[in-house]
Structure formats: structure tokens, C-alpha cells
Amino acid sequence: MGRKYVIVGGSAAGMAAAHTIRKKDRNGNITVLSNEKAQPYFRPMIPYIINGKKRPDDIFLSGSGIFTQGGISVKTGFGAKSIDFQKKTVTTASGEAFLYDKILFSSGSTPYLPENIEGLDSEGVFSLKTLSDAQGMAKRSETATHVVMLGGGILNLKAAFALLEKKLSVTMVVYSPEVLSQLMDPKDAFPIRNALDNAGLNIITGISATQVLTDSSGVCGVALDNGSQIACQMVCVGKGVVPDTGFLNGNDIKIDKGIFSDPYTQTSIKDAYTAGDVAVAIDPVTGEKTVTSLWTHAVEMGICAGLNMTGSKTVYTGTLGIMNATQVADVPLVSMGIVHTKNSEYETHAKKTRLTYRKIVFSKDGTRLIGALFIGDIKNAGIYRYVIREKKNINGIKSHLINHTVHYGHFMQP
Amino acid sequence: MSDLKEIFVNTQHCTGCLSCKLACAVQHSKNKDLFSALSQDPKPKSRLYVEWLWGNTKVPVLCRHCEDAPCVNACISGAITRAENNAVITNTDKCIGCWTCVMVCPYGVIGRDKDLKIAYRCDRCPDQDHPACVDACPTEALTYATVDKFSAEKRQAASREVAQGQGG
């Protein structure tokens, strides 16, 4: 009888861990508990379910990328309810108990719903997190003509574009002075903002919603804090996510924002590991604890956890608090490391054209690259990430970094 | 040991003639011949790059098909997989142009096709015995060999240099 691995959560981190474990331990017994009904899928792809460009079949994990191993038991519809660390058992909402030798908490996150907005539980209000949310949005968008997006983050922007493509009119209400404020200073967002405006997205900034208005068919409008109202038949809330740690309530496990993780992805309790959105990791640039909700980080941390669970001790090299790449309104974008430089003393260099913007950020003393923001032109972004994350010595290449002439050859041993 | 081949780069042999880039672009054009490639719109793209370094060293840079490839881990659409010949391949049907792979590639060798809005990179010419760049290279700056063979030759060359050094 092989070792029993139980994985709580069947998305990026959990499935990356499961496939890594299977590669390392051919005899282990791997069970993944997922609270979703669908089999594991590429979560960042769900905006394509809204606009119908992809079907669920197209976005399932199995067989793609690193998810090619067999012999993994994925139990869908099994949400974890409680853990007994003494008896090494996890009990699901449906009452089943699973014994483990090693357990991974990769339960992910749930959408943050601001308490000061009334009516967010109304029919026609969505937060885009799961395949089922996307399917719900696709259905509602068949009859809706106008949708209000609350929040100007990357996920809401993707959802907004999916709805624009379905010929809905879309208004985005953003409390911050500009969209994507987590990924860049407002003044740096101009190429994106221009493209969004040109694409027909109606953006209102510096405004907050106070209430979702309803009639017999669900949502019929949104009331704003400037006293005005917008009529709509659908609302999408994108105000960030919170780690899903509810099933650990009452346990003596260290939780601070998310689940504590040591450098080897282990929690404060023996034989229990954590990875992904629910885990707290250290940002190698700022040295601070951080929780992010990025697929790429979740996969990397999940692989690391999988290695550690099989006994291959591996340090998780960390999660950049800010790191994302995407394309919105035909404009590519990469943001990573420290990119908010307004009123800061960092050494920054920016290069601007009408359609592109490249800003790079060095430490105050100018000796280390700590951030980069590329909009419209993302060439060699990976080299910059490498320098930031690995804290590379920039002697001799700093001018190349500033002038965007850096290439891999600069890192070869002469 | 593995008998799978890789493309090896010897910067000391590279003269910067760019034959490799031309051959790569032609090989990845519709009709795979130079004259129709020239008139193809949008122009076919080379998947390798020749950079200049320290005085006059030329550095051909192309996808290393990394053992633990960051792009495979990072891909959010499942488009990037490892093929049987060990090459890391981007499935053009699945790629959605999110550029996460561009963000994580430390070699900077994943390109952004602005027309098709998908990522492209070296595919080691799966339909050919040899990658087009290797065949086109006149100086053996690019070679296609197994790791074992390449390192054996490296060792032999190194020992020859040592022997010559001792003789001189």
C-alpha cells in the first residue's frame, strides 16, 4: 500500500502538485478533493466561456501542459469541511472521511464581496471565479443588454471584453483613479486606457457603487455614491479575492491572511503543506509576505509542494506580489515587481511612444532591478523578470536594461 | 542516456551572417521557399535571433527547450506541451496570446506574432531530419546532436587545445 496523499482543492496548485507527486511516487495513492462540479480546468480561460469562443471541453487540464500524468483520483463536488490533524483525516461537506499521510491545502480563494454594497446576492450579480460562474454569465448575457462591472482589475477587464464581444454595452465602475491600479500607477496606464476607450468600454473612475437595484427579473440597475443610477440587467463584481481557509476554522494552524508556509511549502503543522492562492509566500523583491492569485505562481508553488510532499526537499523561490501578463483591447501588457513609483525615491526610467510605454525601476541606490512595466511592447520581458527575481548583478548591463537592448548573451560567461 | 537531439550553439564559430534566420523564416513560411516567402504577407518570422556582444562576438539565441521549462508551467491555456522529441511546442490552436510565456522566458526567445496574436518560438522543425537553421549554418556555429555526442566532442576539442598548448 503506497503513501496516501490528499489534496484539498483541484485547480492550478493542487493539480500541479498531484501530477508532480505522480511523477516522483509511482505507488502513492493520490486523491484530489475539489468543491467544484466540473473536472479541473484552466481557470484563466473562463472568460472565453462567456463569449462562447471555448467550450468547457476545450479548457480541461487533463492531458495538457504539465497535467499529463495518470492515476490521480479527482473527486469533484467534494468540498473539505474539516480537518483532524491528530487522526490525519479530512472530512468533506458530504460526510466522507479521507485518511492522509501527507495533505496539501490548495483550496484557492473566493471573490471578495464588499459589505458596503447592498444587494450583491441578487439574481444577475456575478463574480467571475469558476466555470459555473462563467456559464451563468453566458446565460444571463443572452437576454441582458447592459452590464455594469464593479472593479477595474484584470479579470473584470477580461470579462468586460468577453461581454463587449457579445454586443452588450458595458460600463466599468472603478473606485481607483484608473483601471488596473494594482498593476501600475494611474499615469502609466494611458496606452491601455486609450485602447479601452476606443474599444467601446465605458469607464467611470473615482466612483463606488452603493447598491444593486432589483425588480422581479433580478438586477435592474446600480446606485452609485455620487447619487446617480445606471440601468443594467447584469452586474459583475471584481474586487479581488480572499484565501479560502474556512474549513480550517477551529484548527491550530497558523493563518495570517492566508495559510502560513515555510520556505519548503510546509504549514505550521507536520505533514501538511500549502500552495496557491490560499498560501502566504514571500516576495523575493520586497521580502514581505504576500498572497497572490496568479495561475503561474500557483502552478510553480504546487510543483514545489508536490516535490516536498514526496520527500524531495525543495525551496519555493517566491512569488512576486505583482506579476501579470495579458492582452487587453489588442494591447499586450506585462507588469512585475515594484512598479508603483509615484512619490517614491526609486530610480526609474521610462520610454514612451504614442502606443507603447516601458518603465523600469531600480532600487534607490540604483544597484538592483526591482520592477518593470511594459505596455504595447513586451519584448524580452522574461529577461527582466529573471533579473528581478534572481536579484542578478547588473554591473555592465544596466545601460542595456535602461535602453531595452538587453539580451540573453549578456548573461553568458565570457 | 538520452538519444534525443538538441540544437547546440558555438558562439566562437558564429560570423553573424544570419543565414540561420533566413532559413528559419523560410522554413516557417507557407510554401517553404525563399521567393514566395519574400512576398508573403505578413512576412514569415524567424524564430531565432542573432545578438551582438562584447566587441565582436555574435550570439545566436533560440529556445533551449528547457528541462524544467518555465513556459510550460506558466501557460494558462494548456497550449505549451513537451513533444515526443523533447521539444517544447506551442500549440497554435490553443494559444490565446496572453503572453505569460513571454513574461517568464529567461532567454527572451518567445516572440509575439502581432498579426495572429499568438506566441511563436523554435519548434526544431519537426518535419525535417535537421532544423533548417542548422542546415543553413556555414560555420557549424549551430549543430544538431545528442547531449552525449556534443559533450564528448567538447571534451575532445578541449583536450586537443590543451595538447596544442603544451606542445607550443
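Keep in mind it's a predicted model, so treat the numbers as computed, not measured.

As a further point, take the overall build of chain B. A tally of regular secondary structure across chain B gives 6 helices and 8 strands. In terms of overall dimensions, chain B has a C-alpha envelope of 60 × 35 × 30 Å along the principal axes. Taken over 168 residues, chain B has a buried fraction of 46%. A total accessible area of about 8,900 Å² is found for chain B, and carbon and sulfur atoms account for 50% of it. Within chain B, the 19 negative side-chain charges are centred at a point lying 5 Å from the centre of the 20 positive side-chain charges.

Next up on the list: the environment of Pro138 of chain B. Residue and element names in this part refer to chain B. Mapped onto the elements of the fold, Pro138 is located in the loop between helix 5 (132–136) and strand 8 (142–146). On the basis of relative accessibility, which here comes to 57%, the residue Pro138 falls in the exposed class. A sequence separation of 93 residues divides Pro138 from Lys45, and the C-alpha atoms of the two residues are 21 Å apart. When sequence neighbours within four positions are dropped, the list of residues in contact with Pro138 reads Cys17 and Ser19.

Quick look at the pairing of strand 1 (residues 4–8) of chain A now. Residues and elements named next belong to chain A. For strand 1, the buried fraction is high: 4 of the 5 residues fall into the buried class. In this structure, strand 1 lies alongside strand 2 (residues 29–34), joined through 5 bridges in parallel fashion. Among the inter-strand pairings, Lys4 is bridged to a residue of strand 2, identified as Asn29. Regarding topology, helix 1 (residues 12–24) serves as the crossover connection from strand 1 to the parallel strand 2, and that connection is right-handed. Note: strand 1 against strand 7 (residues 102–105), 4 bridges, orientation parallel. Residue pairing in the sheet places Ile7 in a bridge with Leu104 of strand 7.

Our next topic: the pairing of strand 4 (residues 80–84) of chain A. Examined bridge by bridge, strand 4 of chain A and strand 5 (residues 89–92) of chain A share 4 bridges and lie antiparallel to one another. Residue Asp84 of chain A lies in a different strand from strand 5 of chain A, and its bridge partner there is Thr89 of chain A.

Residue Pro42 of chain B follows Asp41 of chain B across a cis peptide bond; omega there is -5 degrees. In this fold, Pro42 of chain B is placed in the loop between helix 2 (34–39) and strand 2 (49–53). Residue Lys88 of chain A is not a glycine yet carries a positive backbone phi of 55 degrees. Along the chain, Lys88 of chain A turns up in the loop between strand 4 and strand 5. Residue classification places Lys88 of chain A among the partly exposed residues on the basis of a relative accessible area of 24%.

Turning to the domain arrangement of chain B, a few remarks are in order. Residues and elements named next belong to chain B. The domain boundaries assigned to chain B delineate domain 1 (1–62 + 126–168) and domain 2 (65–121). With centres defined by C-alpha atoms, the gap from domain 1 to domain 2 works out at 21 Å. At the boundary of domain 1 and domain 2, one finds 2 salt bridges. As a salt-bridge pair, Asp113 and Lys45 come within 3.9 Å of each other at their nearest N and O atoms. In this assembly, domain 1 and domain 2 are joined by 1 residue pair in polar contact (both at pLDDT 80 or more).

Moving on, we get to the nonpolar core. Ranked by size, the top nonpolar core spans 146 residues in total, and within it Leu201 and Met336 of chain A carry the most contacts. Considering each element in turn, this core owes the most residues, 9 residues, to helix 7 (residues 295–309) of chain A. If we ignore the near neighbours within four places in the chain, the residues touching Met336 of chain A are Leu320, Ile322, Met323, Ile370, Gly371, Ala372, Phe374, Ala381, Tyr384, Arg385 and Ile388 of chain A together with Met103 of chain B. Ranked by size, the runner-up nonpolar core spans 18 residues in total, among them Phe98, Ile103, Phe247 and Ala272 of chain A.

Residues and elements named next belong to chain A. Compared with the 18 Å implied by 1.5 Å per residue over 13 residues, the 18 Å span of helix 1 between its first and last C-alpha is a close match. A large share of helix 1 lies buried, amounting to 11 of its 13 residues. When helix 1 is considered as a whole, its buried residues turn out to be Ala12, Ala13, Gly14, Met15, Ala16, Ala17, Ala18, His19, Thr20, Ile21 and Arg22. In this structure, the buried residues of helix 1 make contact with strand 1, strand 2, strand 3 (73–76), strand 7 and helix 7.

When the parts come together, some accessible area is lost, and that loss is often what is quoted as the size of the interface. Residue-level contacts link 32 residues of chain B with 38 residues of chain A. Roughly 2,900 Å² is buried in total at the junction of chain B and chain A, and carbon and sulfur atoms are behind 64% of that figure. Of all residues in chain B, Asn73, Ile76 and Met103 of chain B give up the largest surface area on contact with chain A, accounting jointly for 23% of the area buried on that side. Put simply, chain B and chain A have 1 salt bridge between them. For Asp330 of chain A, the salt bridge goes to Lys117 of chain B, with nearest N and O atoms at 3.2 Å. Inspection of the region where chain B meets chain A yields 8 residue pairs in polar contact (both at pLDDT 80 or more). Within the residue set of the side of chain B that touches chain A, elements represented by two or more residues are strand 2, strand 3 (57–61), helix 3 (70–74), strand 4 (80–82) and helix 4 (100–104) of chain B. Ranked by the residues each element gives to the side of chain B that touches chain A, the list is headed by helix 4 of chain B, at 4 residues. When grouped by side-chain class, the residues that make up the side of chain B that touches chain A number 19 nonpolar, 8 polar and 5 charged.

What follows is about the sheet that holds strand 15 (residues 229–231) of chain A. Residue and element names in this part refer to chain A. Strand order in the open sheet formed by 3 strands is 13-14-15, with antiparallel pairing between adjacent strands. This sheet does not close on itself; its edge strands, each paired only once, are strand 13 (209–215) and strand 15. Adjacent strand axes in the sheet meet at a mean angle of 25 degrees when their direction is disregarded.

Below, the discussion takes up the state of the cysteines. Residues and elements named next belong to chain B. Taken as a whole and assessed by the stated rule, the structure comprises 0 disulfides over all chains. Cys24 forms no disulfide, and the closest cysteine sulfur to it belongs to Cys125, at a distance of 6.3 Å. Its relative accessible area of 7% is what places Cys24 among the buried residues.

Conventions and cut-offs
Residues numbered from 1 in each chain as written. Chains lettered and ligands numbered in written order. Predicted model: local features only at pLDDT ≥ 70, side-chain atom pairs only at ≥ 80, totals over all residues. Heavy atoms only, no water. Helix = DSSP H or I, 4+ residues; strand = E, 2+ residues; numbered from the N terminus. Buried < 20%, exposed > 50% of the residue type's maximum accessible area, 1.4 Å probe, protein only. Areas by Shrake-Rupley, 256 points an atom, 1.4 Å probe, with all protein chains shown as cover. Lys, Arg positive; Asp, Glu negative; His and termini not counted. Charge placed at Lys NZ, Arg CZ, Asp CG, Glu CD. Contact = heavy atoms within 4.5 Å. Pairing = 2+ DSSP bridges. Right-handed = clockwise from strand over helix to strand, strands pointing away. Domains from an automatic or database assignment. Salt bridge = Lys/Arg side-chain N within 4 Å of Asp/Glu carboxyl O. Polar contact = N/O pair within 3.5 Å; in protein donor to acceptor, adjacent residues only side chain to side chain. Core = buried A, V, L, I, M, F, W, Y, C linked by side-chain atoms within 4.5 Å. Expected span 1.5 Å × (residues − 1). Buried area = accessible area lost by both parts, 1.4 Å probe. Nonpolar A, V, L, I, M, F, W, Y, C, P; charged D, E, K, R; others polar. Axes fitted to C-alpha atoms, helices over the stretch in contact; angles between N-to-C directions. Disulfide = S-S within 2.5 Å.

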